[in-house]
Amino acid sequence: MRGIEEDEDLPHLWQKPAYSVLLDALGKLKVEPPVWGAKVSRSEILKQQAAVQTAHERKEALVFLSSIIKSGLSWLEDDDEREVIWEEASRRMSERCGRTAMGEIIRRWPFENDEYGSFSLAIREPPLTGDSLGLKTWGSSYALAQLLREFASGPLAHLVRSAQKTGEVLELGSGTGLLGLAAACIWRTTVYLTDLPEIMSNLEHNASLNRALVEERGGKIEASPLTWGGSEEDVDPRFRSGKRFELIIVADPLYDDDHPALLASAIDEQLALNPDARVLVMVPQRDEITKGLCRTLRDELGKQTNPFICHHENIVAGEDDWGDGNDDISQQVGFWWGILGRSS
């Protein structure tokens, strides 16, 4: 991320700065959202960004942006250039008003390991509006993605690494696609990214954005609509036969009281009857409500015709920025993960 040094003055509009000068200054004022890593604490990230954040938040920057938005920029003869400057200034201003005020952003999520090397996934997040929770990348997706190599060497090795490994993985409730894309890269397999029809446009965009990287690393990705408990029109034809996938992954899927039963039904419909088939789930333990939804999900899975039992589980610490949408403050949260399979 670039930033304007404290001793570097912003251009003054009375000097009628050229288009390129204004555009460069606005580019340096861009605010990038932080990316959390398992080995780097948020406090460390904030320390590293302190100089940039100070420059971003200083009063002079806000005054500068406001003056551009109010100005007619009459010295710029090209109408298109004026529009670009106004648009960029408005974006820089919105970035200082909380995540929900931001326009479209792209976040880069880094992965590094001695076994699979290093890579980063580019994930687009459109502006957050209404109840479009699937348009934001939640901390649990990154937390679970960081554990994929560990699972491949342990409790999921028979599905990921053996000669008889599963050829396809299904992700339910993919959202922006971070977890499924990471799985395709790290496990070198085909992953189907699925979500509600209204989420698909952005999910398909992120699939296209990262497809070359995924294929370079030996994986493959497909994005298709799949609504839990939906009508036939809400489900892609390839999922209608059911009981097809030997491995399903899902992160942070529960937001309403009806979600546990819907998700349990979707898992039961799509997971193969093979006793070795597994579902990997992660649910943040943000508060008593989310803890209760997690318990209900486990209860619902146990009520299926072919009941599910939990073979492995744990709680890992991570960063989460769930909140009221008015700030980007993250908090330490316990992320429960479980690996479940059919009891018979």
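Rules of the game
Here the residue numbering is sequential within each chain, running from 1 through the sequence in written order. Only residues with pLDDT of 70 or above have their local features reported here, since the model is predicted, and side-chain atom pairs are shown and tallied only from 80 upward, although totals for entire chains, interfaces and linings are computed over all residues. No hydrogens and no water enter the side-chain calculation; it runs on all heavy atoms of the structure. For two strands to be treated as a pair, DSSP must find at least two bridges joining them. Per the convention used, a helix needs a DSSP run of H or I reaching at least four residues, while a strand needs a run of E reaching at least two, with both numbered from the N terminus. To obtain an axis, a line is fitted to C-alpha atoms, over the contacting stretch when the element is a helix, and the angle between two such axes runs from 0 to 180 degrees between their N-to-C directions. Burial classes: relative accessible area under 20% of the type maximum marks a residue as buried, over 50% as exposed, and values in between as partly exposed (1.4 Å probe, protein chains only). Arc definition: it is the arc formed by the directions from the helix axis to the C-beta atoms. Convention used here: angles under 35 degrees read as roughly parallel, angles over 145 as roughly antiparallel, angles from 65 to 115 as roughly perpendicular, and any remaining angle as oblique. By convention the crossing between two helices is left-handed if the near helix lies anticlockwise of the far one by an angle smaller than a right angle, and right-handed if it lies clockwise. Any two residues having at least one pair of non-hydrogen atoms within 4.5 Å are treated as being in contact. In the scheme used here, Gly and all other residues not listed as nonpolar or charged are polar, with Ala, Val, Leu, Ile, Met, Phe, Trp, Tyr, Cys and Pro taken as nonpolar and Asp, Glu, Lys and Arg as charged. Think of it this way: a Phe, Tyr or Trp ring, Trp meaning its six-membered ring, pairs with another when their centres are within 6.5 Å, and the plane angle makes it stacked under 30 degrees, edge-to-face over 60, tilted otherwise. A pairing counts as a salt bridge when a side-chain nitrogen of Lys or Arg comes within 4 Å of a carboxyl oxygen of Asp or Glu. Orient the strands so they point away from the viewer; a crossover is then right-handed if the path from the first strand over the helix to the second runs clockwise. By convention a nonpolar core is built from buried Ala, Val, Leu, Ile, Met, Phe, Trp, Tyr and Cys residues, the set being connected through side-chain atoms within 4.5 Å.

You'll find the protein entered in an unreviewed UniProt entry as Methyltransferase-domain-containing protein, with Apiosordaria backusii given as the organism.

> An account of the sheet that holds strand 4 (residues 190–195) is requested, with residue identities and associated values reported.
Strand pairing in a sheet takes place through backbone hydrogen bonds and is either antiparallel or parallel in direction. Reading across from one edge, 5-4-3-6-7-9-8 is the order of the seven strands in this open sheet, with mixed pairing throughout. Here the strands that pair on one side only, and so sit at the sheet edges, are strand 5 (220–225) and strand 8 (308–320). Adjacent strand axes in the sheet meet at a mean angle of 20°, parallel and antiparallel pairs treated alike. The pairing of strand 6 (residues 247–251) with strand 7 (residues 278–284) spans five bridges and is classified as parallel. Following the sheet pairing, Ile249 is matched in strand 7 by Leu280.

> Could you give an account of helix 1 (residues 19–28), naming the residues involved and the relevant values?
Buried within helix 1 are the following residues: Leu22, Ala25, Leu26 and Lys28. End-on view of helix 1: buried residues confined to an arc of 160°, all on one side of the axis.

> Give a description of the packing of helix 1 against helix 4 (residues 79–94) that names residues and reports values.
Orientation of helix 1 relative to helix 4, taken along the N-to-C sense of each, is 15°, at an axis distance of 10 Å. Here helix 1 lies roughly parallel to helix 4, going by the angle between them. Classified by chirality, the crossing of helix 4 by helix 1 is left-handed. Contacts between helix 1 and helix 4 involve Tyr19, Leu22, Leu23 and Leu26 on the former and, on the latter, Glu81, Val84, Ile85, Glu88, Ala89 and Arg92. Of the residues belonging to the contact of helix 1 with helix 4, the class tally is seven nonpolar, no polar and three charged.

> Tell me about the environment of Glu269, residues and numbers included.
Tracing the sequence through the fold places Glu269 in helix 10 (residues 259–270). Considering only alpha carbons, one finds Glu269 and Gly242, 27 residues apart in sequence, at a separation of 5.3 Å. Residue contacts for Glu269: discarding those within four places in its chain leaves Gly242 and Lys243.

> I'd love a proper account of the packing of helix 3 (residues 59–70) against helix 4, names of residues and values included.
Two elements in contact, helix 3 and helix 4, have axes separated by 9 Å at closest approach and are oriented at 145°. In this structure, the crossing between helix 3 and helix 4 has a hand that is left-handed. Contacts from Leu62, Leu65, Ser66, Ile68 and Ile69 of helix 3 reach helix 4 at Ile85, Trp86, Ala89, Ser90, Arg92 and Met93. Residue classes in the contact of helix 3 with helix 4 are distributed as eight nonpolar, two polar and one charged.

> Explain the packing of aromatic side chains to me, and be specific about the residues and the numbers.
Evaluation of the coordinates by the stated rule reveals eight aromatic pairs. Pairing Phe111 with Tyr142 gives two aromatic rings, centres 5.4 Å apart and planes at 80°, and the pair type is edge-to-face. Within this pair, whereas Phe111 is found in strand 1 (residues 105–113), its partner Tyr142 is found in helix 5 (residues 139–145), the two being separated by 31 residues in sequence. With relative accessibility at 5%, the residue Tyr142 sits in the buried group. Taken together, a centroid distance of 6.0 Å and an interplanar angle of 85° make the contact between Tyr192 and Phe239 edge-to-face.

> Describe the pattern of salt bridges, naming the residues involved and giving the relevant values.
Following the criterion strictly, the structure yields 13 salt bridges and no others. One salt bridge connects Glu125 with Arg107, and the closest N-O pair in it is separated by 3.0 Å. One end of the pair, Glu125, is in strand 2 (residues 117–125); the other, Arg107, is in strand 1, and 18 residues separate them in sequence. The structure contains a network of salt bridges with shared partners spanning Glu87, Glu88, Arg91 and Arg92.

> Just give me the short version of the pairing of strand 7, but keep the residues and values in it.
Sheet faces and side chains relate simply in a regular strand, where the side chains alternate between the two faces. Across the seven residues that make up strand 7, a large majority, seven, are buried. On strand 7, burial covers both faces: Arg278, Leu280, Met282 and Pro284 on one face and Val279, Val281 and Val283 on the other are all buried. Of the crossover connections in this fold, the one passing from strand 6 over helix 10 to the parallel strand 7 is right-handed. Note that strand 7 and strand 9 (residues 331–342) share six bridges and pair antiparallel. If you follow Val281 over to strand 9, its bridge partner there is Gly338.

> Which residues make up the nonpolar core, and what values do they have?
In terms of nonpolar packing, the biggest core is built from 44 residues, with Phe111, Leu148, Leu156, Trp187 and Leu280 touching the most fellow members. For this core, the element with the highest residue contribution is helix 8 (residues 178–187), accounting for nine residues. Leaving out residues up to four positions away in the same chain, Phe111 has contacts with Tyr116, Gly117, Ser118, Phe119, Leu121, Tyr142, Ala145, Gln146, Leu178, Ala182 and Ile186. Within the second largest apolar cluster, 28 residues are counted, among which are Leu172, Leu226, Leu271 and Val279.

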